[in-house]
Each structure stands twice: as C-alpha cells, then as structure tokens.
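Observations on the model geometry
The lines below spell out each chain.
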Amino acid sequence: MTTTTKGEEEEESSEQVVTPWDVSAGADGKIDYAKLVREFGCSEIDENLIERIERCTKTKAHPFLRRGLFFAHRELDEIVSAYEKGEKFYLYTGRGPSSESLHLGHLVPFQFTKWLQDAFKVPLVIQLTDDEKFLWKDLQLEDCRRLARENAKDIAACGFNPETTFIFADASYMCSSFYVNMVKIAKCVTFNQAKGIFGFTGDSNIGQIGFPPVQAAPSFPDCFPHMFGMNKKSLKCLIPCAIDQDPYFRMTRDVSHRIGGYKPALVESRFFPALKGESGKMSASDPTSAIYVTDTAKEIKNKINKHAFSGGGATIEEQRENGANLEVDVPWKWLNFFLEDDEKLKEIGEKYGSGEMLTGEIKQILVDVLTPMVEEHQKRRALVTDEVLDVYFNPTKTPKVFLDLFREYEEKKFGKWEKKKGGGDSENDDLCAALEEKMKLEGATENEEGCAIGAPKSEDWLRIRKERMQRDAPTEGSKSALKKAAKIKAAAEKK
C-alpha cells in the first residue's frame, strides 16, 4: 500500500487528479478535498464522531483527528458503534517500499495507526507491497524485497506492539488463504471496471492490472489464519490511509458481499505538503525536497531555513504589515502535523498570521519540534535488529492466542511488551469474557493446524452475544420483565 504525499507528481493539467499512483493539484495549485469527498462518495468526520471515539476509548483524540488531518471516512461510525457494543476489529495499513529510508510524510499514517492500535487495543497487519513497486518502478524485485525489510525497521521504530502486530511483504507471505481471497476478488471485477477505477491503459503491464486484488485481500481476516482463524467474518477491518488509496477499497467494498466478507471501513487523511510548497515534488533525487528520518540535526535546520516554502512577507516590513498567508506556508502546515500542544499552535497561528511573528521565528519553532522527534526515531530504529524484526514478521506463522490480541499491554523496554496485570478493558468486556468461557469449556485444541488459538468459528460473535442476552434477560414475573412486557403491549396497540 503506497501512501502518496501531495506533490509527489508534477501537475499535468488544470483538473486535479487523485489516483493511487498519481496526485496532481488543480489550476490553483491546491487539492479540493470537498470535491474528492463528493466524487469518491465518502463522508467527512464530524465532531460528534470524534467525541464518540474519545468516550469509547477513554482517550483524547489524536491531533490528526482533532485538526481534521484525518478528515474523511467510510463507515468509521459503524466500527465505533460495534465497538461500543463489545465487538472487536483489526487494523490494516501498509507501505510501498521504493526508497532506502522514509521521509516525514511517510510516518504520518503509521503515527496515527499506532494511536488507533493503542486507543482501541486491537491487532494490526501491515502490508509491504514490494511486488507493486517492482511492477511500477524501474527496480529489480530483489531490490524491492530488500527495501521492504529496511522500511520495516522504520515502521517497527514507531513503537508498534509486536505481540499484536504482523508485518508482511507480499512476495514472501503469499499463503494459500491469501491467494484464495485474491482470486475471488479478481473474478468479481471486470477489466472495464478496473480501467474505470484505476485508469489502466494499453501500456499497463498485466502485472499492474492484476495487482489491485493483492492490496484488497488483507481487508478480510482469513488472509491471516495464524492471527484471526479461517472465518471471513471473525472480525471487521478498519484501514487508515491517505485518500488517494480510496479507489482500492471502493472496489473491495463493492465485492465484499459476493465473497462472503464484511465491507472494510476506512479513515482517510489529507496529503502531507512537500517542503518546497504544495505544488512541489518530494523526490529521492532531490534530498532538499523532504526531511528524511535519517537526516541529522544540522541537515534538518538547513533544509527548513533554506528550502521550506514561506507564506510570509518578502521583507520584515511587509511581514509586519500584512502577516503571513497560512494557507500556503509550509512550516505552519507541518506544525499542524507535529506540534502536539493545541494552545501553542493556536498562538503561533495568530501571531504569524498577524505579522507579530516573523518567518525565521516560525521556522526555528519547526526545527525545535522536528529535531528531537527525528533523533528519537533514529535511536529506536537502531534497536531494531533482525531478531526484533523477525518477531513482527513471524516467519514461522506461529499461531496467536486470539483473545490475547485484544488485551491491554505495556512496553517494558523496546520491543518487549507484556500484558498488564490486574486486567484491562478487554477482560471486563462481555464478548471477550464469553469467548474465553467458551474456550475453557470446549478447549482450544479444535483449531485447524496453523490457525489462531480460540479464534471464533462461524457466527460466534453474534451467537454468543445472543446467548448472553438471553441468559441475562429479566426472569418471568419480575418487575423488569413486567415493565418490558407492558412496553411491548403498548407499542403493539399503538401500531
């Protein structure tokens, strides 16, 4: 899964273009996100949904949510509603490995996914599309596979819990259950539909045309039997991604019912602006076009001071008189991503926009924010040895205990996580308690070889909830039962 940053492709026409491989702004140099929402048919995230997320997770919303950087969704509200009732889900995101190291824009979806995983206490799968990069880029497959592993080290350095996170590269993982889902998805989509969704032409190689089911398949839990078992409806899926990835999952949602699965839900972000301006291009051939997680403190400072596009006045006098244009100023936009303090961000915006603050001052603030963040990432990445990485890749596909994927964990030291003692939210959850009770009664040895231990079989989630509701129903003749019967009778008479 490739997360495209705004400005990674040159503008080719006055009409904005947003596909998984091509992002170009309109004539005004901007992306019209309202238009994208209308064209794609997704929904904008509102304050009510953010408040519901905070209530059910007992966690303050991530700055990306509060500030509208992750701004659109498909059925995120339904995921939250199900979670409020005790249903669990899993997260799926990814990266297309085409460079030796990540730049800051590449970190954005992983930072948000990390927050989602911690807040909801749910498992995560991360797809590295080494096959996609081989098909689209001038790279050898061996190089793409090597880059996938190198990029995985930066992903692991974001602090994901290895007990509940599975990282896989397409060229290495392709198990039978994954392939079966791919074939089923592929049969549901005609070539004409694929051309309409992805813009394939006569010059597209057949590997490119056949790739979309590869990215679609992880939306279904039975692609990962060692984590979720073989039931396609054991869990729903939530996908954090940039909005340019929406076409993949529109296709997936359209065919999901035909292959017996749930529609994946999405939470989608705006694009990360290029250092040299929103209409600029982040390119590995131009190291000054982005800040990379390998940059030194000196390089970060030089890049921001010399190359960050400014919306401030051309002179001190002009800036004092007119203030800065925050709509185009890159340091201000980047602070919206990486400065956590809402009040401080608001103060900076007011001062810089009014002319009280100069361009050099806001650039220095950005340097002070990014430098320790990048240095901390570099320290954590240095700890990602091949042995640590193998825990995430789980090359032997050692089966997980299904319920343990929803427990509350704490990081003892880098890469070492343990379940919290004394129980967390999951242990008090009715549904998990019911499944645990079922495991004790029926045993966990009935699972097929290689499948997650205690993973729900067909209809388990719904059936067990129904059994518990019946068991907990008011006894006949009790006050609550009589009250309920009176309500039912009144409703029937009214009808």
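Definitions and cut-offs
Residues numbered from 1 in each chain as written. Predicted model: local features only at pLDDT ≥ 70, side-chain atom pairs only at ≥ 80, totals over all residues. Heavy atoms only, no water. Buried < 20%, exposed > 50% of the residue type's maximum accessible area, 1.4 Å probe, protein only. Helix = DSSP H or I, 4+ residues; strand = E, 2+ residues; numbered from the N terminus. Patch = residues over 30% accessible without salt bridge, like charges linked within 9 Å, V, L, I, M, F, W, Y side chains within 5 Å. Areas by Shrake-Rupley, 256 points an atom, 1.4 Å probe, with all protein chains shown as cover. Salt bridge = Lys/Arg side-chain N within 4 Å of Asp/Glu carboxyl O. Pairing = 2+ DSSP bridges. Contact = heavy atoms within 4.5 Å. Axes fitted to C-alpha atoms, helices over the stretch in contact; angles between N-to-C directions. pLDDT = per-residue confidence, 0-100.

Judged by how many residues are buried, helix 14 (residues 246-256) sits mostly within the fold: 9 of 11 residues are covered. Buried residues of helix 14: Asp246, Pro247, Tyr248, Phe249, Met251, Thr252, Arg253, Val255 and Ser256, and no others.

What follows deals with the pairing of strand 7 (residues 165-169). Burial of strand 7 is extensive: 5 of the 5 residues sit out of reach of the surface. Side-chain alternation along strand 7 places Thr165, Ile167 and Ala169 on one buried face and Phe166 and Phe168 on a second face that is also buried.

On the surface, a cluster of nonpolar side chains totalling about 280 Å² of accessible area is made up of Met174, Tyr179 and Val183. Classification of valine 183 as partly exposed rests on a relative accessible area of 42%.

Moving on to the sheet that holds strand 5 (residues 89-95). Here we have 7 strands laid out as an open sheet, ordered 3-4-9-8-5-6-7, and mixed in their pairing. Sheet topology places strand 3 (43-44) and strand 7 at the edges, where each strand pairs with a single neighbour. Where strand 5 meets strand 6 (residues 124-128), 5 bridges bridge the pair, whose relative direction is parallel. In the sheet register, leucine 91 faces strand 6, and the bridge partner there is leucine 124. Against the sheet, helix 5 (residues 104-120) engages strand 4 (70-74), strand 5, strand 6, strand 7, strand 8 (236-242) and strand 9 (265-269), with an angle of about 165° to strand 5.

Now for the pattern of salt bridges. Evaluated as defined, the whole model comprises 23 salt bridges. A salt bridge links arginine 74 to aspartate 246; its shortest N-O distance comes to 2.9 Å. Taken together, the residues arginine 74 in strand 4 and aspartate 246 in helix 14 connect sequence positions 172 residues apart. Pair check on accessibility: arginine 74 and aspartate 246 agree, each one buried. Ionic pairing is found between aspartate 154 and arginine 381, a salt bridge with its closest N-O pair at 2.9 Å. Of this pair, aspartate 154 sits in helix 7 (residues 141-156) while arginine 381 sits in helix 19 (residues 359-382), and the two are 227 residues apart along the sequence. Looking at aspartate 154, the relative accessible area reads 1%, which means it is buried. Residue classification places arginine 381 among the partly exposed residues on the basis of a relative accessible area of 23%. One salt-bridge network, held together by shared partners, links Arg149, Glu150, Lys153, Asp154, Arg381, Asp386 and Asp390.

So, about the confidence of the model for the chain. Of the residues in the chain, 83% reach a pLDDT of 70 or more, and the chain-wide mean stands at 86. Predicted confidence in the chain is weakest over helix 21 (residues 430-442), with a mean pLDDT of 52, and strongest over strand 6, with 98. Considering only residues more than four positions removed or in separate chains, one finds that residues 7-13, a stretch of pLDDT under 50, has 21 contacts. Predicted confidence for residues 423-428 stays below pLDDT 50, and this span has 8 contacts to residues more than four positions away or in other chains.

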